[in-house]
Amino acid sequence: MKIKRKRRRRNAVSFLAFMPTMSVIPVMLIMWIILVMTACGFGKGNGGNRDGNGQDRPGGQQAEGQQYGGQKAEGQQYGEQQAGESGSTPEDDRTPLVIGVFDDGRDLADAISLFQQRNGAYRIEIKKYERSYLGEEDGLSRLQREIMTGEGPDIIDFGAGYATSDIVGGYTEDLLPWLEGENEKIEEKYFGNILKAFCYRDKLYALPVRFRLQTFAGSSREVGYRTHWNIEEMISCYEERKGDMILYPGQTKRDVFGTILTGSMDYFIDWEEGSCRFDGEEFCRILEFANSFPEGLEITEDDSVKQIFQEGGALLLPLRLSGIYDICRPGFIFGEEKISYIGFPMEGKCGTVIDAAGPVLAISINSRNKEAAWEFISLFLEEGYQREQTSGFPLCRSVLEERLAQAREIVYEKDSEGRQTPVARDSVVFEGEDPVPIYCVTEEQAQTLTALIEEASMCTANDRQLYSLLLEEAQGYFSGEKSLEDTVRVMQSVASIYVGERVKRE
């Protein structure tokens, strides 16, 4: 089964590149993308009413968009203690501990409440920042100015928009010594490779409290039995098969470039040296490859993502892994085929990349309350807190091991007639078909997921503004208005200035 191609200029949304600057999408294309995202588990770990294993949350869990009971306006305090509580001091005498947030702060609510219960000497205050492309209005620029003048917050939650460029400039404290001060071996308690992926110049200036993975999966028969490839190998593999199959559902010039860029943009940037290589042969090949695809797609109601893959009509499945049961989804797509998680094209590196799935926390370099700030951040690393999180994978190895052990067991309950029936822990939904229940993960799937986590070495903490600039410049090449040489020359110039300015701040 093949997708009909239509020569009309349309913009498509990248499956993995949930970035701004996306144009209005044709209705049928939106339906197609939602269908693939549903089947692949996109967004499962970030919302809804399911926990990190894909199970339903307790009835008391608040819906998306609701405010937690303790939510306060900017500058007000969280977690007021009850009168007479042991260890508390009069409100006016408590030291303010200020948290700067780029999201709505809901992910911090439980930790704030727990911190206030444990430490009556401090009161939490929230200071809000918003990201903007308009220079002086940008919350990140404002935060950095305030830190340098001694007016910044004690703690920062960079939130979902975190990028490596957020911490370039020396505004935040290295958290590795604080972690090492817990008298436990970091590599044994946490996934050290995840922490290392977020390091800059061997220092951990911002800490992700949980994470998810992004990758490409494919039939091993088609892509080979390997865990990574470079851009030439990816192109060669597709060129040999493009007469019989598409790269993946939703392929357009902009989408292919945006998706590959999402997973590999930081691969072309050396933040430590303040340099980049967007004019090299490897990056040029990505642009040329993306330009070989149509500008737009015509999707019909008869098109089926599941059928396309099961008939061998697509090479790659874009995949986001946010919870334990997401590792089961490719099996429903590829059937009995052996699956290779080959990832994004990168020279000599594992192609599966890491993405923060919750708060990304830091301590201001000029904070006067660093001990208390670390006490607050360390709450997110406690096994109890990690165990309760409802999206993404935990940093604690032991908590992931617990989740995998639970997921390998089939849970039974009695039906109305008293018979024992298995309980669906999650499901895969395909358009026009009944949901396919998932009852457990197999031992092989559990081992595959653990290996993917252990082998990942790069994070996708992409700077959204730079991403948008590159995507915008690429459009001129895709439309035929610019040559490849002119396009990469401008890209390299813009990116070099952008990256260099941030590194100069140090």
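Residues numbered from 1 in each chain as written. Predicted model: local features only at pLDDT ≥ 70, side-chain atom pairs only at ≥ 80, totals over all residues. Heavy atoms only, no water.

Draft legend 1. Quick peek at the layout of surface pockets. Estimates place the volume of the second largest pocket at around 680 Å³. Every residue lining the second largest pocket is counted, 26 residues in all, and those nearest its centre are Lys196, Ala197, Cys199, Glu272 and Ser457. Where the lining of the second largest pocket is concerned, the elements lending two or more residues are helix H5 (186-189), helix H6 (192-197), strand E6 (269-270) and strand E17 (458-459). Residue composition of the lining of the second largest pocket, grouped by class: 14 nonpolar, four polar and eight charged. (1 Å grid on protein atoms, 1.4 Å probe; cavity = no way out; pocket = protein on both sides within 12 Å on 5 of 7 lines; lining within 4 Å. Points joined across faces, edges and corners; volume = space filled by probe spheres on them. Helix = DSSP H or I, 4+ residues; strand = E, 2+ residues; numbered from the N terminus. Nonpolar A, V, L, I, M, F, W, Y, C, P; charged D, E, K, R; others polar.)

Draft legend 2. Highlighting the sheet that holds strand E1 (residues 95-101). Taken in spatial order, the five strands line up as E2-E1-E3-E11-E4 in an open sheet, and their pairing is mixed. Edge positions in the sheet fall to strand E2 (122-128) and strand E4 (207-208), since each of these pairs with one other strand and no more. Bridging between E4 and strand E11 (residues 360-363) involves two bridges; their strand directions are antiparallel. The residue of E11 that forms the bridge with Leu207 is Leu361. The strands touched by helix H13 (residues 370-378) within the sheet are E1, E2, strand E3 (155-157), E4 and E11, with E11 carrying the most contacts at an inclination of about 165 degrees. (Pairing = 2+ DSSP bridges. Contact = heavy atoms within 4.5 Å. Axes fitted to C-alpha atoms, helices over the stretch in contact; angles between N-to-C directions.)

Draft legend 3. Layout of the environment of Ala461. Summarising the element assignment, Ala461 is placed in the loop between E17 and helix H17 (464-478). The exposure class of Ala461 is buried, given its relative accessible area of 6%. Residues Ala461 and Val353, spaced 108 residues apart in sequence, show a C-alpha to C-alpha distance of 9.8 Å. (Buried < 20%, exposed > 50% of the residue type's maximum accessible area, 1.4 Å probe, protein only.)

Draft legend 4. Expanded view of the packing of aromatic side chains. Here the structure, examined in full by the defined rule, presents 25 aromatic pairs. Ring geometry for Phe115 against Phe376: centres 5.8 Å apart, planes inclined by 80 degrees, an arrangement best described as edge-to-face. Of this pair, Phe115 sits in helix H2 (residues 109-118) while Phe376 is found in helix H13, placing the two residues 261 residues apart along the sequence. Each member of the pair, Phe115 as well as Phe376, carries the same accessibility label: buried. Arranged with centres 5.8 Å apart and planes meeting at 45 degrees, the rings of Tyr477 and Phe478 form a pair that is tilted. Residue Tyr477 shares its accessibility class with Phe478, and that shared class is buried. In this structure an aromatic cluster arises from ring pairing among Phe257, Tyr267, Phe268, Phe278, Phe283, Tyr477 and Phe478. The ring of Phe102 has Arg131 lying over it, and the distance from NZ or CZ to the ring centre is 4.6 Å. Positioned above the aromatic ring of Tyr267 is the side chain of Arg277, whose terminal nitrogen or guanidinium carbon lies 4.7 Å from the ring centre. (Phe/Tyr/Trp six-rings, centres within 6.5 Å; stacked < 30°, edge-to-face > 60°. Lys NZ or Arg CZ within 6 Å of the ring centre and 35° of its normal.)

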